[in-house]
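Inside the fold
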Amino acid sequence: MKRENKVLLGIAVLLAAVCLGQIWIKHLEKVRMLAEQEAERTAKEDSVVFEDGDVVSGRELWLDFYGTTQAGEPASVRLVRSYSAIEPDDTYYVTREHSYHVRELTFDGEMYAFADGDRAYRYLLCYPDQAAWNPSMAYTSATFYILTNDEDVTPRDIERYETSSLWEGEPLDACTVYAEYVWKEEYQHLHEH
């Protein structure tokens with residue numbers, strides 16, 4: 001009988017340890033999630049914030065940065081891009097994952113560069129009120145700001161370069177750094193923040 005009691009006690013201790021371990025793992029996961037949320041919240045302060053491609057705050061910061069740099073004065077701005085991996089359900093969209101990226105864009109009076117990169121750009125070009133060039137686009141018009149070393153590059157060039165396997169020109173040394181979209185009515189519900 002003593003041996004059976006020891007076995008039962010051992011099983012009970014093992015089960016208690018497993019349960020406590022699962023509780024501890026859930027607690028650590030919650031702590032990690034709260035820390036990530038706090039880091040993201042802090043990053044969004046005094047920043048230009050994009051959520052799933054939409055500018056949700058900091059538009060004035062961006063316009064100040066653009067105006068200052070166009071006047072040839074040094075400036076910097078923090079860009080925070082937040083993404084949700086969204087999967088369709090039968091009746092609504094369900095967010096499955098979330099991530100965000102923070103980048104600091106600086107202008108030293110001559111060149112634009114991201115603090116975490118090795119590329120520098122000579123120009124920051126603005127293309128306001130660009131109509132969608134493809135009827136299947138989710139937006140009707142957009143304003144694009146492009147970092148480039150070629151002052152003749154257009155948003156359409158970048159779109160063709162990034163999406164066409166038939167691009168025949170030299171690789172483009174340009175990127176869209178800021179965009180504001182006017183969404184088609186049928187897509188507006190996906191961009192309500």
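Residues numbered from 1 in each chain as written. Predicted model: local features only at pLDDT ≥ 70, side-chain atom pairs only at ≥ 80, totals over all residues. Heavy atoms only, no water.

**Overview of the pattern of salt bridges**
A pair can form between side chains of opposite charge whenever their charged atoms are brought close. If you walk through the whole model with that rule in mind, you get three salt bridges. A salt bridge links Glu180 to Arg59, with the nearest nitrogen and oxygen atoms 2.7 Å apart. Here Glu180 is found in strand S9 (residues 174-183), whereas its partner Arg59 is found in helix H2 (residues 59-70), with 121 residues between them in sequence. We classify Glu180 as partly exposed; its relative accessible area is 23%. Here Arg59 falls in the partly exposed class, since its relative accessible area comes to 39%. The shortest N-O distance in the salt bridge between Asp116 and Arg103 comes to 3.3 Å. Within this pair, whereas Asp116 is found in the loop between strand S5 (112-114) and strand S6 (120-121), its partner Arg103 is found in strand S4 (residues 93-107), the two being separated by 13 residues in sequence. (Salt bridge = Lys/Arg side-chain N within 4 Å of Asp/Glu carboxyl O. Helix = DSSP H or I, 4+ residues; strand = E, 2+ residues; numbered from the N terminus. Buried < 20%, exposed > 50% of the residue type's maximum accessible area, 1.4 Å probe, protein only.)

**Considerations on the confidence of the model for the protein chain**
For the protein chain, mean pLDDT is 76; residues scoring 70 or higher make up 64% of the total. For the protein chain, per-element mean pLDDT is lowest for helix H1 (residues 2-44), which scores 60, and highest for H2, which scores 95. Note on residues 90-95: pLDDT is under 50 here. Beyond four places in sequence and across chains, it has 13 contacts. (pLDDT = per-residue confidence, 0-100. Contact = heavy atoms within 4.5 Å.)

**Digging into the environment of Val55**
Following the sequence through the fold, Val55 ends up in strand S2 (residues 54-57). With a relative accessible area of 22%, Val55 lands in the partly exposed category. In this structure the C-alpha to C-alpha distance between Val55 and Ala179, which are 124 residues apart in sequence, comes to 7.7 Å. With residues up to four places along the chain from it excluded, the contact list for Val55 reads Val49, Phe50, Tyr178, Ala179 and Glu180.

**Some points on the sheet that holds strand S8 (residues 139-148)**
Strand order in this open sheet of three strands is S7-S8-S9, and the pairing throughout is antiparallel. The outermost strands of the open sheet, each flanked by one partner alone, are strand S7 (123-131) and S9. Across this sheet, the average inter-strand angle for adjacent strands is 15°, counted without regard to direction. Judged from the seven bridges that link them, S7 and S8 form a sheet pairing that is antiparallel. Across the sheet, residue Leu124 finds its bridge partner in S8, namely Leu147. The sheet strands contacting H2 are S7, S8 and S9, and the helix crosses S7 at an angle near 130°. (Pairing = 2+ DSSP bridges. Axes fitted to C-alpha atoms, helices over the stretch in contact; angles between N-to-C directions.)

**Side note on the environment of Val48**
By the element assignment, Val48 lies in strand S1 (residues 48-51). We classify Val48 as buried; its relative accessible area is 0%. Aside from chain neighbours lying at most four places away, what touches Val48 is Ser57, Gly58, Leu61, Trp62, Val77, Arg78, Leu79, Val80 and Tyr178.

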